[in-house]
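Structural description and commentary
Residue-level listing of the chains:
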Amino acid sequence: MAHFTKATSVKDWLNQRLAVETVEKVMASEYWIPKNINFLWAMGMILAVTFGLLTISGIFLLMYYQPSVDTAFYSVNYTIMREVDFGWLWRHVHGVAASVVFLVIYIHMFTGIYYGSYKKGREMIWISGMLLFVTFSAEAFSGYMLPWGQMSYWAGMVITNIFSLGSLHFDGLVEWIRGDYVPAQAFLNRFFMLHVFLLPLAIMGLIGLHFAALRIPHVNNQDGEEIDFDAEAKKYLAGDTKNSKVMRFANDFLSKDLMVVGLFLIFFFYLVFWHYGFALDPVNFDPADGLKTPAHIYPEWYFLWSYEILRPFPVDIGLVAFGFAQVIFMLLPWLDRSENTVPASRRGKFAIWFWVMLVDMIVLTAMGKLPPEGIFSTIGLVAALLFIAMWIILPFITKNEKKV
Amino acid sequence: MKELKILAVVVFFTLLTYFLVEPYAHSQMHKHVDSEGFTYADLPALTKTGDKTRGQELIMSAGCAGCHSIEAAGMPAPMDGVMAAQSYGVNPPDLSNAGALYEAKFLSDLIKNPAHALKVEHKFDAASGKMHPMVPFYGMGGDIDQEVADMVAYLQSIAVKAEEVTPAMAFEEACGRCHAVGYENWTQLGTKPKFKHEKDSLAFDIKLLEYQDSLKAYMGKLPPDLSMYFRSRNEHYISTFIENPQNHLAGTAMPRVGVTADAAEKVIEYLADSADTKRHEREAIGMNVMIFSIIFAIFALLWKKQVWRDLH
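The shown structure was predicted, so the numbers you read here are calculated from the model rather than taken from an experiment.

**Points about the overall build of chain B**
- Scanning chain B from N- to C-terminus turns up 14 helices and 2 strands.
- At 26 Å, chain B has a C-alpha radius of gyration far larger than the 20 Å of a compact globule built from 312 residues.
- Seen through its C-alpha atoms, chain B measures out along the principal axes to roughly 100 × 55 × 35 Å.
- For chain B, with 312 residues in total, the buried portion stands at 46%.
- Residue pairs at least 24 apart in sequence account for 70% of intrachain contacts in chain B once pairs closer than 6 positions are excluded.
- Total accessible area on chain B stands at roughly 16200 Å², and carbon and sulfur atoms take up 60% of it.
- Positive and negative side-chain charges in chain B, numbering 30 and 39 respectively, have mean positions lying 8 Å apart.

**Quick look at the overall build of chain A**
- Check the secondary structure of chain A and you find 16 helices and 2 strands.
- The C-alpha atoms of chain A give 24 Å as radius of gyration, which agrees with the globular expectation for 404 residues (22 Å, within 12%).
- Along the three orthogonal principal directions, the C-alpha set of chain A runs to about 70 × 60 × 45 Å.
- The buried share among the 404 residues of chain A stands at 54%.
- For chain A, restricting intrachain contacts to residue pairs at least 6 apart in sequence, the fraction spanning at least 24 positions comes to 77%.

**A word on unusual backbone geometry**
Residue and element names in this part refer to chain A.
- At the junction of A250 and N251, the peptide bond is cis and its omega measures out at 0° in the coordinates.
- When you line up the elements, N251 lands in helix α11 (residues 249-274).
- For F86, which is not a glycine, the phi torsion comes out positive at approximately 65°.
- Looking at F86, the relative accessible area reads 37%, which means it is partly exposed.

**Focus on the packing of helix α6 (residues 123-145) of chain A against helix α7 (residues 150-161) of chain A**
Residues and elements named next belong to chain A.
- Where α6 contacts α7, the axes come no closer than 8 Å and their chain directions differ by 130°. As far as their axial angle goes, α7 and α6 are oblique. Contacts between α6 and α7 involve F141, Y144 and M145 from the first element and M151, S152, A155, G156 and I159 from the second.
- Among the residues forming the contact of α6 with α7, the class breakdown is 6 nonpolar, 2 polar and no charged.

**Description of helix α4 (residues 72-83) of chain A**
- Most of α4 of chain A is tucked away: 10 of the 12 residues are buried.
- The set of residues buried in α4 of chain A consists of A72, F73, S75, V76, N77, Y78, T79, I80, M81 and R82 of chain A.
- Residues of α4 of chain A that are buried in the fold lie against α3 (43-62), α5 (87-114) and α9 (185-215) of chain A together with α10 (229-232) and α13 (261-275) of chain B.

**Brief notes about the interface of chain B and chain A**
- Each side of the interface is counted separately: chain B has 54 residues, and chain A has 59 residues.
- Of the roughly 5200 Å² buried at the junction of chain B and chain A (both faces included), carbon and sulfur atoms supply 70%.
- Counting every contact that joins chain B to chain A gives 4 salt bridges.
- For E3 of chain B, the salt bridge goes to K256 of chain A, with nearest N and O atoms at 2.7 Å.
- Sort the elements by how many residues they give to the side of chain B that touches chain A and helix α1 (residues 2-29) of chain B lands first, with 19 residues.
- Split into classes, the residues belonging to the side of chain B that touches chain A amount to 28 nonpolar, 11 polar and 15 charged.

**A closer look at the domain arrangement of chain B**
- Taken domain by domain, chain B consists of domain 1 (39-277) and domain 2 (288-312).
- One C-alpha centre belongs to domain 1 of chain B, the other to domain 2 of chain B; they are set 59 Å apart.

**Here we look at the domain arrangement of chain A**
Residues and elements named next belong to chain A.
- Considered domain by domain, chain A is made up of domain 1 (34-297) and domain 2 (301-404).
- When each unit is reduced to the centre of its C-alpha atoms, the spacing between domain 1 and domain 2 is 22 Å.
- Listed as interface residues are 33 residues of domain 1 and, on the opposing side, 33 residues of domain 2.
- Both faces considered, domain 1 and domain 2 share a buried interface measuring about 2900 Å² in area, 70% of it formed by carbon and sulfur atoms.
- If you sort the residues of domain 1 by the area they bury against domain 2, F110, Y114 and K119 come out on top, with a joint share of 23%.
- Put simply, D336 and K119 hold a salt bridge, and the shortest N to O gap is 3.1 Å.
- Summed over the shared surface of domain 1 and domain 2, the number is 12 residue pairs in polar contact (both at pLDDT 80 or more).
- Contributing elements (two or more residues each) for the side of domain 1 that touches domain 2: α5 and α6.
- If one sorts the elements of the side of domain 1 that touches domain 2 by residue count, α5 sits on top with 9 residues.
- Tallied by class, the residues present in the side of domain 1 that touches domain 2 amount to 19 nonpolar, 9 polar and 5 charged.

**Describing the side chain of R91 of chain A**
- When you line up the elements, R91 of chain A lands in helix α5.
- Here R91 of chain A is buried and forms no salt bridge, its nearest opposite-charge partner D276 of chain B lying at an N-O distance of 9.1 Å.

**Brief notes about a nonpolar patch on the surface**
- On the surface, L62, M193, V196, F197, L198 and L201 of chain A cluster together into a nonpolar patch covering about 510 Å² of accessible area.
- Broken down by element, the nonpolar patch gets its largest block of residues, 5 residues, from α9 of chain A.

**Details of the nonpolar core**
- Ranked by internal contacts, the top residues of the largest apolar core, which has 198 residues, are F102, F268, F329, F387 and W391 of chain A together with V259 of chain B.
- Top contributing element to this core by residue count: α5 of chain A, with 17 residues.
- For F102 of chain A, the residues in contact, after removing those within four places along its chain, are F133, F136, S137, A140, W301 and Y302 of chain A.
- Counting residues in hydrophobic clusters, the runner-up holds 5 residues, among them I162, Y307, L310 and L319 of chain A.

**Concerning the packing of aromatic side chains**
- Applying the stated criterion across every chain, the model contains 54 aromatic pairs over all chains.
- Relative to Y183 of chain B, the ring of Y74 of chain A has its centre 5.6 Å away and its plane inclined at 80°; by these criteria the two rings are edge-to-face. Here Y183 of chain B lies in the loop between α8 (167-174) and β1 (186-187) and Y74 of chain A lies in helix α4, a pairing that spans two chains.
- Given the relative accessible area of 10%, Y183 of chain B is considered buried.
- Between W305 of chain A and F387 of chain A, the ring centres sit 5.7 Å apart and the planes meet at 40°, which makes this aromatic pair tilted. Separated by 82 residues along the polypeptide, W305 of chain A in helix α12 (residues 304-310) and F387 of chain A in helix α16 (residues 374-399) bring together distant segments of the chain.
- A residue is classified by how much of its surface remains accessible, and W305 of chain A, at 4% relative accessible area, is buried.

**Thoughts on the confidence of the model for chain B**
- Here chain B shows a mean pLDDT of 95. Residues at 70 or above account for 100%.
- Within chain B, the lowest mean pLDDT, 94, falls on helix α2 (residues 52-62) of chain B, and the highest, 98, falls on β1 of chain B.

**So, the packing of helix α8 (residues 171-178) of chain A against α9 of chain A**
Residues and elements named next belong to chain A.
- Between α8 and α9, whose axes approach to 8 Å, the crossing angle comes to 65°. When the axes of α8 and α9 are compared, the pair comes out roughly perpendicular. Packed against α8, whose contacting residues are W176, I177 and R178, the element α9 presents A186, F187 and R190 at the interface.
- Taken together, the residues that form the contact of α8 with α9 break down as 4 nonpolar, no polar and 2 charged.

Criteria and thresholds
Residues numbered from 1 in each chain as written. Chains lettered and ligands numbered in written order. Predicted model: local features only at pLDDT ≥ 70, side-chain atom pairs only at ≥ 80, totals over all residues. Heavy atoms only, no water. Helix = DSSP H or I, 4+ residues; strand = E, 2+ residues; numbered from the N terminus. Rg over C-alpha atoms; globule rule 2.2 N^0.38 Å. Buried < 20%, exposed > 50% of the residue type's maximum accessible area, 1.4 Å probe, protein only. Contact = heavy atoms within 4.5 Å. Areas by Shrake-Rupley, 256 points an atom, 1.4 Å probe, with all protein chains shown as cover. Lys, Arg positive; Asp, Glu negative; His and termini not counted. Charge placed at Lys NZ, Arg CZ, Asp CG, Glu CD. Axes fitted to C-alpha atoms, helices over the stretch in contact; angles between N-to-C directions. Parallel < 35°, antiparallel > 145°, perpendicular 65-115°, else oblique. Nonpolar A, V, L, I, M, F, W, Y, C, P; charged D, E, K, R; others polar. Buried area = accessible area lost by both parts, 1.4 Å probe. Salt bridge = Lys/Arg side-chain N within 4 Å of Asp/Glu carboxyl O. Domains from an automatic or database assignment. Polar contact = N/O pair within 3.5 Å; in protein donor to acceptor, adjacent residues only side chain to side chain. Patch = residues over 30% accessible without salt bridge, like charges linked within 9 Å, V, L, I, M, F, W, Y side chains within 5 Å. Core = buried A, V, L, I, M, F, W, Y, C linked by side-chain atoms within 4.5 Å. Phe/Tyr/Trp six-rings, centres within 6.5 Å; stacked < 30°, edge-to-face > 60°. pLDDT = per-residue confidence, 0-100.

Right, dumping it as structure tokens:
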């Protein structure tokens, strides 16, 4: 057993039992971050803050929400929106944060792709991040079911239908997932459970993994410079903070994080109070009606690109393409054959690949929402084929990339 | 500087995506209907000036009160709402405030040719024997246009002043005999009272169900509860829908109700109170939160500058 002495202070008492000083060093003051990074490196903190906002607002909503097909819509739109003090505020914060969190995730993802932050020991950061993307998607989808409006019901119908896998007709699987022939009480209950318990639990675990994966390879930087973290840290601790290439996570980097978070919150609250329509779809303010299909069924904006990879093809081919789109990002560290861990701007063909991919995904996103008619369905088909082709050629264009 | 360039790139692609999936996609998905400002340009212009005293006599002798109540003139409804709906499909409106709620032009045409003014001629066509339940006024022997003008003048004289029309009054009289607004406790038979005994409450519900059965048979389906319509449809949609339902939904059984622009605004305000009850609170709190956020961001910026002074 360890030797304990009479504590001289509360801190000392805690230090003997929890090693709080060591923990503080490891997690904050001697967690070294490169200096040459820009505000895009603060997206992680923005995501953490937004996840915090989602959790807190979710807890308040959970106190009044009723997971019953008869009362869910009423509990959201009457009880929470009209009766509960500030219930409307929690709902708007929750709904807008759920949408904005995906915008930040996409910025975070494309930042990683642009600067090559998935290579040379950073593969686990990328994979855990992609797993977070998948769980966040499931979390967003399950949450979308809960108000039990028209879009909840019909999105639930369409998405669970995907599991019948086209011509394979796994209808039994679809019924098993729904717990019924159509989305009904059993369906609502299980998505409620997933949304408020299992998926948040998985997300928290994955966030832990994501952070842990960052420890050993350290944070990437905007010039792809290989930094000797030990030597630079020594320099910093010796007092040469100006010439050291690294800084402390707290308070050095944290102060910049907080600055970016501050600016982000102005944007976020503007949306919450004045511009929430994009996140709280009007169609979902009609109660679920299994006998009335909405004129246009579309997912939330952040799923549109993958929806558009499913939609322009015949059922079976569409499902294969959709499956491809879901897993292909995960394989990026191996499909990119180049050794260069530098910004895309210095990587020749890869730079073109990056910008074409970004624009293609925006085109897919737009076509995923527009009615699949005339020119829109043609553009959608071309964009979906381009997406697949781009991933197929990626290993070939990166294999012969010049070393920088 | 470099950071600002990066920010510009991020903002550009974010706004581009937003523009494509929101304003642009919605402009492609929904038909755009322009407002005509509730002028009812398709109806004949008014040429006569009415005399309210003659109008009152005409209304008495034309038999309007056989179906309509005129509470303001002390004339009660000849039968209760349930029975009226069984007879006519829907409970005929009380005419006390008709002069304030509906355009004079619309009332004039309605009196002479209900199905035409209401734009439900696809449903009611006298030639094929499908008469609109409201009997047209065929004239009392004089100049029919003068007679109608007199009747409208009378209705305007007994109605409340335009500025006295409240949102609830406008909605309940113009829309509330077909549409319920559950969140405002409004049913097609009026505000549901608080009953001391459950059996009285159930008796009310039974009467309501009977009323709704007649309404369903008359309209083809039960007109929707409008509690959340202010959020599920936008304001422009509701306004242009009220102005002329056929523009949005050709062939719908919903009649054009002929409200004035002012009355339509009141109806929309009522719907906003139901579906977006806390909108005023939202604005006020939003301003405070913005002020807080800006101050927070300024302090965060200053803190960053202080911490980074030693790093460069």
